[in-house]
Amino acid sequence: MEVEGQNSNHQNQDAAPQMSKGLRRALIVLNCVLMALGNTGSPLLLRLYYRSGGKRQWLSSWLETAGWPFIFVPLLITYLHRRRRCRLRPGNCHPTKLFFITPRLFLACAFIGLITGFDDFLYAYGLSFLPVSTSSLLISTQLAFTAFFAFLIVKQKFTPYSINSVALLTVGAVVLGLHVSSDRPDNVTRGQYHLGFILTLGAAALYGLILPLVELMYSKSKQAITYTLVMEMQLVMGFFATAFCTVGMLVNKDFQAIPREARHFELGEFRYYVVLVWSAVFWQFFFLGTVGIIFCVNTLLAGILIALFIPVTEVLGVVFFKENFSSEKGIALVLSLWGLASYSYGEYRQEKDKKDKAAPSNQVA
C-alpha cells in the first residue's frame, strides 16, 4: 500500500502521486483506531502490571517499543503486493525494492528512536511512584509542549479553533488533577513521589519534542514519503528505542528477574506473560497510530488525540479497576470531547473555505 503524504507537510512530494480523499480518510480512521487502542489499553496494562506485583521499571519501558517486529507483517504484505503488481505489468515497473528507507532517514530514525527509549524509561519510572490521576495530569501537558515545539520546529500554524482546543484540553487536564492533594501512595516515600513527578513531567516534555521531530524528518527526507516508508521508519525507531531499554535491562539484571517476578505475580505466572505480551502489542499500536496521524494530517492533531484519550483511560480505569469516578473526571472528559469537537470543526471550516475560494475560478463566465 503506497500512499503519499500531503503537499503541505512534505515539500518533496511534487513529483509523487497524491492519495485519493477516500484512501486518506481510511488511513486517518485506521490510525485513529490504532492510537485509541494503544493510548487507552497500554496504560491500563502497565497499571495492571504494577498493581499485581510488578516492580521492574526498565522492563516496563522496554515493553513500550518491544513490539516493533509486528511491523514486519504489514511490510511483508505490501512487499508481496508490489511484487504481484509488477508481475502483472512487467513492462511498466522496475525491480521490486525490499525497502525504501535511505541511510539518511535511517540515521534520523535511529536518533529519534534513542530519544524515544529514554522517554519510555522516564514515563515507566515516574508511573511506578505516582497514582494514575497524577500521572495523567502530567502527561496531558505534552499537548502544550507539542504545540510549542511544533510552532518552533515545523512552523505549525494555529487557528482560533485549534487554540481553543488546546485550551480546553489543558483545562480538562488541570481539572482532572484538582482532586489530587495528599495522594501519595502508602508504600512511596515523599522523595520518591517528587522524583516520579519530575520524571513524568520530563517524559511529557520530551514526547512533545519527539512528535514535531518526526514531522520535520518527513519534510526533510528528500524522497517521497509513502505509508510503507512510514512503517519502515517506525520499525527502525522501535528497534533503537528497544535497544536502549535492553541495555538498561541488562545492567539492572531484569531478564534474570522475570521468571522470579512471574512466580510471585498476583494474577498467576501464565497471566504475567500475557500481560507483558499484550502490553508490547498495544504500545506498538500507539506508536504506529501516532506516526500515521502525523503522516496523514499533522503533529497538532496527534497531540490533541493523545490528550483526548487520557480522561477516557480514567473512565476505563473505573470500569476495570472499580475506581471512584469523581465529578472532576467527568468534567475533564466533557472538556476533552469539546476540545476535539472544536478542532474537528476548525478543520471542516478550513476545507469549506478552500472550496468556496476555488469555486469562482471553476465557473464559466
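Structure's up top.
Bear in mind the structure is a predicted one, so any value in this text is a computation, not a measurement.

**Student:** I tried to follow the packing of aromatic side chains on my own but got confused; where do I start?
**Tutor:** Two aromatic rings, taken as a pair, are described by how far apart their centres are and by the angle between their planes. One pass over the full model with this rule turns up 25 aromatic pairs. Taking the centre distance of 6.5 Å and the plane angle of 65 degrees together, the rings of Tyr207 and Phe287 count as edge-to-face. One end of the pair, Tyr207, is in helix H8 (residues 190-219); the other, Phe287, is in helix H11 (residues 269-296), and 80 residues separate them in sequence. When its relative accessible area of 6% is taken as the criterion, Phe287 is described as buried. Ring pairs connect the aromatic residues Trp58, Phe118, Phe121, Tyr125, Phe129 and Phe244, which therefore count as one cluster.

**Student:** Just to check I follow, could you spell out the nonpolar core for this structure?
**Tutor:** Across soluble globular proteins, you tend to see nonpolar side chains buried next to one another. Core analysis: the biggest nonpolar cluster contains 78 residues, and Tyr49 and Tyr218 have the highest contact counts within it. With 13 residues, H11 is the single largest residue contributor to this core. Beyond its immediate chain neighbours, meaning those up to four positions away, Tyr49 contacts Gly54, Lys55, Arg56, Leu59, Ser60, Glu261, Phe265, Tyr272, Val275 and Leu276. Membership of the second largest hydrophobic core comes to 5 residues, among which are Phe129, Leu130, Leu138 and Val188.

**Student:** Can you help me understand a nonpolar patch on the surface in this one?
**Tutor:** On the surface, Phe148, Phe151, Leu152, Phe158 and Ile163 cluster together into a nonpolar patch covering about 490 Å² of accessible area. The biggest single contributor to the nonpolar patch is helix H6 (residues 142-153), with 3 residues. Examined against the element boundaries, Ile163 turns out to sit in helix H7 (residues 160-177). For Ile163, a relative accessible area of 48% puts it in the partly exposed group.

**Student:** Just to check I follow, could you spell out helix H10 (residues 254-263) for this structure?
**Tutor:** What sets the pattern is the α-helix's 3.6 residues per turn: residues three or four places apart point alike. Taken as a whole, H10 has its buried residues at Asp254, Ala257, Ile258, Glu261 and Ala262. Seen end-on, H10 carries its buried residues on one side only, within an arc spanning 135 degrees. Opposite its buried face, H10 presents the exposed residues Gln256 and Arg263, each directed more than 90 degrees away. On its buried face, H10 sits against helix H1 (21-51), helix H2 (57-63), helix H9 (227-252) and H11.

**Student:** Explain H11 to me, please; I cannot follow it from the model alone.
**Tutor:** Over its 28 residues, H11 extends 41 Å from the first C-alpha to the last, a length consistent with the 40 Å expected when each residue adds 1.5 Å. For H11, the tally of buried residues reaches 20 of 28 residues, placing the bulk of the element in the interior.

**Student:** Would you mind going over empty space enclosed by the protein with me for this structure?
**Tutor:** Which parts of space are left empty comes out when a probe the size of a water molecule is rolled across the atoms. A complete count under the given rule lists 4 cavities of 30 Å³ or more for this structure. Here the largest cavity is characterised by a volume of approximately 390 Å³. Lining the largest cavity are 26 residues, with Asn39, Pro43, Tyr123, Ile139 and Trp283 sitting closest to its centre. By residue number, the principal contributor to the lining of the largest cavity is helix H12 (residues 299-321), which donates 6 residues. Lining of the second largest cavity is provided by 14 residues; of these, Thr116, Gln234, Met237, Phe287 and Val291 occupy positions nearest its centre. Sorting the residues of the lining of the second largest cavity by element identifies helix H4 (103-127), H8, H9 and H11 as the ones contributing at least two each. Its residues placed into classes, the lining of the second largest cavity shows 9 nonpolar, 5 polar and no charged.

**Student:** Any chance you could explain the environment of Tyr273 here in plain terms?
**Tutor:** If you trace the backbone, Tyr273 turns up in helix H11. The exposure class assigned to Tyr273 is partly exposed, which follows from its relative accessible area of 33%. Each C-alpha atom, one on Tyr273 and one on Ile258, is 9.3 Å from the other, the two residues being 15 residues apart in sequence. Not counting chain neighbours up to four residues away, the residues in contact with Tyr273 comprise Ile258, Pro259 and Ala262.

Analysis parameters
- Residues numbered from 1 in each chain as written.
- Predicted model: local features only at pLDDT ≥ 70, side-chain atom pairs only at ≥ 80, totals over all residues.
- Heavy atoms only, no water.
- Phe/Tyr/Trp six-rings, centres within 6.5 Å; stacked < 30°, edge-to-face > 60°.
- Helix = DSSP H or I, 4+ residues; strand = E, 2+ residues; numbered from the N terminus.
- Buried < 20%, exposed > 50% of the residue type's maximum accessible area, 1.4 Å probe, protein only.
- Core = buried A, V, L, I, M, F, W, Y, C linked by side-chain atoms within 4.5 Å.
- Contact = heavy atoms within 4.5 Å.
- Patch = residues over 30% accessible without salt bridge, like charges linked within 9 Å, V, L, I, M, F, W, Y side chains within 5 Å.
- Areas by Shrake-Rupley, 256 points an atom, 1.4 Å probe, with all protein chains shown as cover.
- Salt bridge = Lys/Arg side-chain N within 4 Å of Asp/Glu carboxyl O.
- Arc of directions from axis to C-beta.
- Expected span 1.5 Å × (residues − 1).
- 1 Å grid on protein atoms, 1.4 Å probe; cavity = no way out; pocket = protein on both sides within 12 Å on 5 of 7 lines; lining within 4 Å.
- Points joined across faces, edges and corners; volume = space filled by probe spheres on them.
- Nonpolar A, V, L, I, M, F, W, Y, C, P; charged D, E, K, R; others polar.

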